[in-house]
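In case you want the letters, here they are:
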Amino acid sequence: MPTNFTVVPVEDGQTSSPDSDGKQSGGEDEERPGLYSAGDETPGEDSPFLTISDHERSCDGNNMALFEEEMDSTPMVSALLNKLANYTNLTQGVVDHEKAESEDGVKRIAIKGPQMGTFIGVYLPCMQNILGVILFLRLTWIVGTAGILGSFAIVFMCCACTLLTAISMSAIATNGVVPAGGSYYMISRALGPEFGGAVGLCLYLGTTFAGSMYILGTMEILLMYIVPDGALFADKMDEPASQQNNMRVYGTCCLALMALMVFVGVKYVNKLALVFLSCVILSIMAIYAGVIRTVIDPPEFQVCLLGNRTLKNLDFDKCLKTEVINNSTHTTKLWGLFCDEPYLNASCDDYFTFNNVTEIKAIPGLLSGVISENLWGDYGPSERLIEKNLSSEATQETLEDKKKPYVFSDITTYFTLMVGIYFPSVTGILAGSNRSGDLRDAQRSIPIGTILAIVTTSIIYMSCVVLFGACIEGVVLRDKFGYSLKRTPVIGTLAWPSPWVLVIGSFFSCCGAGLQSLTSAPRLLQAVARDGIVPFLQVFGHSKSNGEPTWALLLTAGICEIGILIGSLDFVAPVLSMFFLMCYLFVNLACAVQTLLRTPNWRPRFKFYHWSLSFLGMSLCLSLMFVSSWFYALIGMLIAGCIYKYIEYRGAEKEWGDGIRGLSLNAARYALIKLEEAPPHTKNWRPQMLVLLTLDTDLAVKHPRLLSFTSQLKVGKGLTIVCSVLQGTFMTRSADAKRSEENVKKSMAAEKTKGFCHVVVCSNLRDGFSNLIQSAGLGGMKHNTVLMAWPSNWRQAEDTSSWKNFIETVRETTAAHQALLVAKNIDRFPSNTERLVEGTIDVWWIVHDGGLLMLLPFLLRQHKVWKKCKMRIFTVAHLDDNSIQMKKDLHMFMYQLRLDAEVEVVEMHASDISAFTYEKTLVMEQRSQMLKQMQLSKTEREREIQSITDESRSSIKRKNRKKEPTPNTLEVPGMAAIENETQMFHERNAKPHDAHQEKHSPTSDHIHMTWTKEKFISERNRHREASPGIRDIFNMKPEWEHLNQSNVRRMHTAVKLNEVVVNKSQGAHLVLLNMPGPPKNKGGDENYMEFLEVLIEGLDQVLLVRGGGREVITIYS
């Protein structure tokens, strides 16, 4: 449906100042002609439209003042349309740059704009490339060997393949402006850099080997038909080998000459293109004229047969055994080829003796009925005699027959070989798209010209198959080199007015095709190299001052020489068939993918396409690859696969908006929807990580080892989302967020962490982390485990938000049923480059949390860092537990889980709560009171901290040496160890609060409970009857009577458990512990942090683990 545009003129309603008017009008008059100068470049591929100059972005007058702030990024429609109208799509190396030097020596390049239409620019080049060496040198042999029906099937399959590919290519070519670069540009931008690079190099190799094939065809015409005496090697006993050696020598010389011509300047090749094209057209016309002539007057070409065997008509002139001259019988030259002596009584070959010599017409004519004899194929092994279906006296074939002048088949023939040899004759369909930069309207010319050329050449090939089979004798068709016709090409015998018309025409046609291959292949390699997707090819992107790719030409000549050294056109043709078939396969794939994805940018003007046609073409290409040669097909696919993986691993990252990316998005969407249908089974459960990072003041990752540990735990499997939060508003810190993401990505690359990165900006860190825990991930691909670092130095921090955010994160992961991993001393964890030779990973299984504690060490040991570490599992037995039975059950459980681990049961008996526990609890509660004073100023807070610290110290007396007890001092017998621990605990907690006050406080090595004299007298009176050797701890410390007994019990558990863990696992490389949950009452948050700190005190590398509320490991298969 056409779209109608209406242009509405808008007049300026406001009067501008004279200065502004003059300035604007002057600017218009002076600058408008220079808006689109010759120096404007064609747009880059990243630009959605075209490059708009700054002047064009400005708004004229005040009509568009509402949009004036957006003019920097969005152009005016008038400027955009003007730029589109003046856009010229210049070629890149297809037409030679004519150089012009001025008197001062400065080189200038004069470029002629595109002027070619459909007929000249697309139709004729495709015709010239399609109709070539195979038509002139091998089609008659294919018809004679495969038969008319088999040959028609071969031609139909190949032409159908190219027609379907042309339809797909037309859709791609009309989907937007086609820049200079042709087929490679279209395929690579449709399939992405990986596929584009693989297809580009396959197309390059196919074009290069096509040059080898054309040069070998040229040399075959030269040495067989034009200058047969120019052969350097001649061996009648091994004629195929000597022929290949001649082809190698002369082909190398021809390649050097052609490469030199291309190096001097492609303009000479372009000037000869019309000559070469004229030769092709004249040769085709001569063939059809000869066919018409056979109806009226068939040519007088005779074939000599001995019995039913075809003879080489090279060394004799008469097809007679004897002849009568002056009434006397004389032997002929043919007699001398089969007999020892030129006498009638000489000893002759048995087959020669028992069979007669006959002559048949090589070209019986269109109406002769020979078509019925040539319907079916005649395949056979190499060195097989070319025989006609006649009755003859059969004799035993001997090795001597090879010395006789019979016509033999040079290679083993079969149907699939015929397909591989014929397919290169239809590989010129990309010639028009390669000239996209020289076309007046590429979107119109490429589809019409290419499809018309394919239809025309298909009709020519199919008609030639039928006409050759209907006009030419079968044994002549199977005579590949025309030995039976005195070295006349078989197709030349059909040409009118003379076979030399076709010989000369085919010679120049093959020369021109070879030159075009040597011209286009280096430029194709240069285009791939300049894209930068294959790093080691960058050297081939350089060129001379006139744009000639010198280094690429040298590489092309070297690869072409490899094809020439093969020495046979029949062996080179299947090789280049593989590369072209792979290229056509990817063209169809690109169109099918784009059509099925229905991407918004897929709007081709060519409407006669469908995804089913593309898939049919793709299937046909793949089938023809394996039909032609399964061996070459596998090698070609291996080469393309290696190129793909290399580009994926080492190539430059390119974003071309390709269809493969769209296919990945659709596949990901489908997979996400399927994942969301049901939660994953326990067998498939693995930690999908959300890593919460903190950034320093420079926006760099504060704990990069957290990423290392993530990669070691994941080993490249599953989901990893690395997140961080910046405090502020997004409008003010968007640049910081972007820079932070780049820094995080660099750290992820350095630590080999594969995953996704996201940095959000939020008004406070607390809400930011909460939003990430709730919303990170997509659909069924969401995280189930949160990994974060332990907030070190949380006691000394003036801001309490760090540990409060930590506790809220614990609560939210619990509420979201997500597992939580907290790493203490994460900076001491091993890096990815370290290898732990020995050591253990200790698991302290206190409570069952779904089995995550057992699964994590197993996953870690899959990584090479932890591979040699042993796994130990500890569990705790109480007084009423049977520890022996527990150990047996744990052994069995590990066996059923298929985990190789040592198990140990640690007994923890009920014991009295020590004074050290009470002191810890007392200091913890006193510190809690201190931290609750949140409304105080900083100075008042420091004063409050000091007063609470002094109050705590009032119950402790430090001394440097042991002193005698005084009336005011009460010593507790048997508590020296507790006093030492209490002293250490107080010194550690008192130091950060006020270092200055610490200098003036007395120091001591021991701790005594210091009371006033009045307190001591009153306590002594109250416990007068008590034994002086028994001290009740509660009565010794009046402050302990007011402690929360729940906190005392919790602290007792933490202290006792810490003692056991430190005793058993202090030397372990990693200790995994059950992480207790936070209190439901937020008033006890400070105490919770103290409990955790006591629990992991004295351990170097600890991972606190809190399950997500579901089983993650199972004993079942």
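## What about the pattern of salt bridges?
Counted according to the given criterion, the structure contains 20 salt bridges. Here Glu 323 makes a salt bridge to Lys 318, at a shortest N to O gap of 2.7 Å. Its salt-bridge partner being Arg 766, residue Glu 808 comes within 3.5 Å of it at the nearest N-O pair. With a gap of 42 residues between them, Glu 808 in helix H25 (residues 801-815) and Arg 766 in helix H24 (residues 765-775) connect regions that are remote in the sequence. Both residues of the pair, Glu 808 and Arg 766, count as buried.

## Re the state of the cysteines
Under the defined criterion, the tally for this structure stands at two disulfides. In this model, Cys 339 is linked to Cys 348 through a disulfide, with the two sulfur atoms separated by 1.7 Å. In this structure the cystine formed by Cys 339 and Cys 348 twists about its S-S bond by roughly 105 degrees; its chirality is therefore right-handed. For Cys 339, a relative accessible area of 7% puts it in the buried group. Judged by its relative accessible area of 16%, Cys 348 is buried. Its sulfur unpaired, Cys 159 is 6.8 Å from the next cysteine sulfur, which belongs to Cys 158. On the basis of relative accessible area, Cys 159 is assigned to the buried category, the value being 4%.

## Topic: the packing of aromatic side chains
By the definition in use, this model includes 23 aromatic pairs. Ring centres of Trp 790 and Phe 806 lie 5.3 Å apart, and the angle between their planes is 80 degrees; this geometry places the pair in the edge-to-face category. Remark: Phe 806 occurs in helix H25 and Trp 790 occurs in the loop between strand S11 (785-789) and H25; sequence separation between them is 16 residues. Given the relative accessible area of 8%, Trp 790 is considered buried. Judged by its relative accessible area of 2%, Phe 806 is buried. Measuring from ring centre to ring centre gives 5.8 Å for Trp 845 and Phe 893, while their planes differ by 20 degrees; the resulting arrangement is stacked. Of this pair, Trp 845 sits in strand S13 (residues 840-845) while Phe 893 sits in helix H27 (residues 883-896), and the two are 48 residues apart along the sequence. Take Trp 845: its relative accessible area is 15%, and that puts it in the buried class. For Phe 893, a relative accessible area of 23% gives the class partly exposed. Put simply, the rings of Trp 335, Phe 338, Phe 352, Tyr 406 and Phe 408 touch in pairs and so form one group of aromatic residues. It is Arg 309 that lies over the ring of Tyr 351; its NZ or CZ is 3.8 Å from the centre. A cation over a ring is seen here: Lys 480 above Trp 141, with NZ or CZ 4.1 Å from the ring centre.

Conventions adopted
- Residues numbered from 1 in each chain as written.
- Predicted model: local features only at pLDDT ≥ 70, side-chain atom pairs only at ≥ 80, totals over all residues.
- Heavy atoms only, no water.
- Salt bridge = Lys/Arg side-chain N within 4 Å of Asp/Glu carboxyl O.
- Helix = DSSP H or I, 4+ residues; strand = E, 2+ residues; numbered from the N terminus.
- Buried < 20%, exposed > 50% of the residue type's maximum accessible area, 1.4 Å probe, protein only.
- Disulfide = S-S within 2.5 Å.
- Phe/Tyr/Trp six-rings, centres within 6.5 Å; stacked < 30°, edge-to-face > 60°.
- Lys NZ or Arg CZ within 6 Å of the ring centre and 35° of its normal.

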